[in-house]
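# Descriptive structure summary
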Amino acid sequence: MLFSLRELVQWLGFAQFEIFIHILALLVFTVLLAIKVDGLVSDLGWWNVFIPFFVADGLSTYFTAIVTVRLFQDGEKRQAVLRLFWILTILSLKFVFEMLLCQKLVEQTKGLWFGLIMAPVFILLQLLMIRACRVN
Amino acid sequence: MRMSLAQRVLLTWLFSLLFLIMLVLKLDEKAPWNWFIIFIPIWIFDTILIVMLIVKMAGRCKSGYDPRNGAQNMKKKSWYLTAMLLKLAFCLALCARLEKFTNMLLCLVFIPLWILLIGGLIELGYNVFYVRRD
């Protein structure tokens, strides 16, 4: 639409398969969220609702580890290290955001305000902007 | 006229940032605004994309347009337009639900988003599993 798939892969640094996993996780998450909010299943906790995202993060990390090892074997060490650092940074920020949001929804803590929860997303946006300049 | 990658990234980044800032202000109860106002960056961004798509699709009707290989492209553009309208429908339904204009189930609000995500997954899956195997 606005970006072609090739541009997205170039910009985000994720492989097409990883993007597929994350969109699938989003789809399952929205289904679980609707079930939870509509009260269709009574004993569905917030941590269970967020499981698809945690699974997607885990699978993405595993996939990245495999790609890094393969790149190392092919002798492309610089590219392997750069890819590993970038993906791990993105995934950690995403994971922290999910954990904080889940914590907030479970405990409704007043001290944990949404500005704080969104901080990893704001950092992520800045990093994506910097990467976009590099890609260009 | 085609925007460069940098311009498109900047556009997406700017509207995402604006939306997130307004969302945080609303969620932290710092801004007593209506949900439809919070979604203003989304409305503007979607309108820009829809207008761009319609202009591109209308470009086919110009005299002197070479229609070769155009059918596939037109199909893709039609899907993109449908996807944008589905996203718009989801955002409108979500705002209506958050503003308590309607008491519909969240499952109903999510239906356009689910169709959009399934369509996106099919397109992406085709690229990942089918095109690569070819």
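If you're wondering where the values come from, they're calculated on a predicted model, not measured in any experiment.

## As for the UniProt feature "transmembrane region" (unreviewed entry) in chain B
Mapped onto the present numbering, the UniProt feature "transmembrane region" (unreviewed entry) falls on residues 36-58, 79-99 and 105-129 of chain B. With 96% helix and 0% strand, the stretch residues 105-129 of chain B has end C-alpha atoms that lie 35 Å from each other.

## Details of unusual backbone geometry
Residues and elements named next belong to chain B. Positive phi values are uncommon outside glycine, yet E29 reaches one of about 60°. You can see E29 is positioned in the loop between α1 (5-27) and α2 (35-38). You will see that K100, though not glycine, has its phi angle at about 60°, which is positive. For K100, a count of 8 C-beta atoms within 10 Å gives the class exposed.

## Quick look at the confidence of the model for chain B
Detailed reading of predicted coordinates is not advised where the pLDDT is low. Residue and element names in this part refer to chain B. With 88% of its residues at a pLDDT of at least 70, chain B reaches an overall mean of 86. Element-level pLDDT for chain B is lowest in helix α4 (residues 70-98), with a mean of 88, against a maximum mean of 94 in α2. Here the prediction assigns the complex a pTM of 0.89, and the interface score ipTM is 0.88.

## Some points on the interface of chain A and chain B
Counting from both sides, the interface comprises 29 residues of chain A and, opposite them, 28 residues of chain B. Elements represented by at least two residues in the side of chain A that touches chain B include exactly α1 (5-12), α2 (16-38), α6 (114-117) and α7 (119-135) of chain A. Looking at the side of chain A that touches chain B element by element, the count peaks at 12 residues for α2 of chain A. Residue composition of the side of chain A that touches chain B, grouped by class: 23 nonpolar, four polar and two charged.

## Quick look at helix α4 (residues 51-73) of chain A
Residue and element names in this part refer to chain A. The end-to-end C-alpha distance of α4, which contains 23 residues, comes to 33 Å, matching closely the 33 Å that a straight helix rising 1.5 Å per residue would cover. On the buried face of α4, the contacting elements are α2 and α5 (77-107). Looking one or two residues beyond α4, the residue adopting positive phi is G75, at roughly 85°.

## Some thoughts on the packing of α7 of chain A against α1 of chain B
At a minimum axis distance of 10 Å, the contact between α7 of chain A and α1 of chain B shows a crossing angle of 170°. It follows that α7 of chain A is roughly antiparallel to α1 of chain B by the angle criterion. Of the residues in α1 of chain B, those in contact with V121, F122, L125, L128, M129 and A132 of chain A of α7 of chain A are A6, V9, W13, S16, L17 and L20 of chain B. In terms of residue class, the contact of α7 of chain A with α1 of chain B is made up of 11 nonpolar, one polar and no charged.

Conventions adopted
Residues numbered from 1 in each chain as written. Chains lettered and ligands numbered in written order. Predicted model: local features only at pLDDT ≥ 70, side-chain atom pairs only at ≥ 80, totals over all residues. UniProt positions renumbered as here; feature names shortened; annotations may be inferred. Helix = DSSP H or I, 4+ residues; strand = E, 2+ residues; numbered from the N terminus. Buried ≥ 20, exposed ≤ 12 C-beta atoms within 10 Å, placed from the backbone. pLDDT = per-residue confidence, 0-100. Contact = placed C-beta atoms within 7 Å. Nonpolar A, V, L, I, M, F, W, Y, C, P; charged D, E, K, R; others polar. Expected span 1.5 Å × (residues − 1). Axes fitted to C-alpha atoms, helices over the stretch in contact; angles between N-to-C directions. Parallel < 35°, antiparallel > 145°, perpendicular 65-115°, else oblique.

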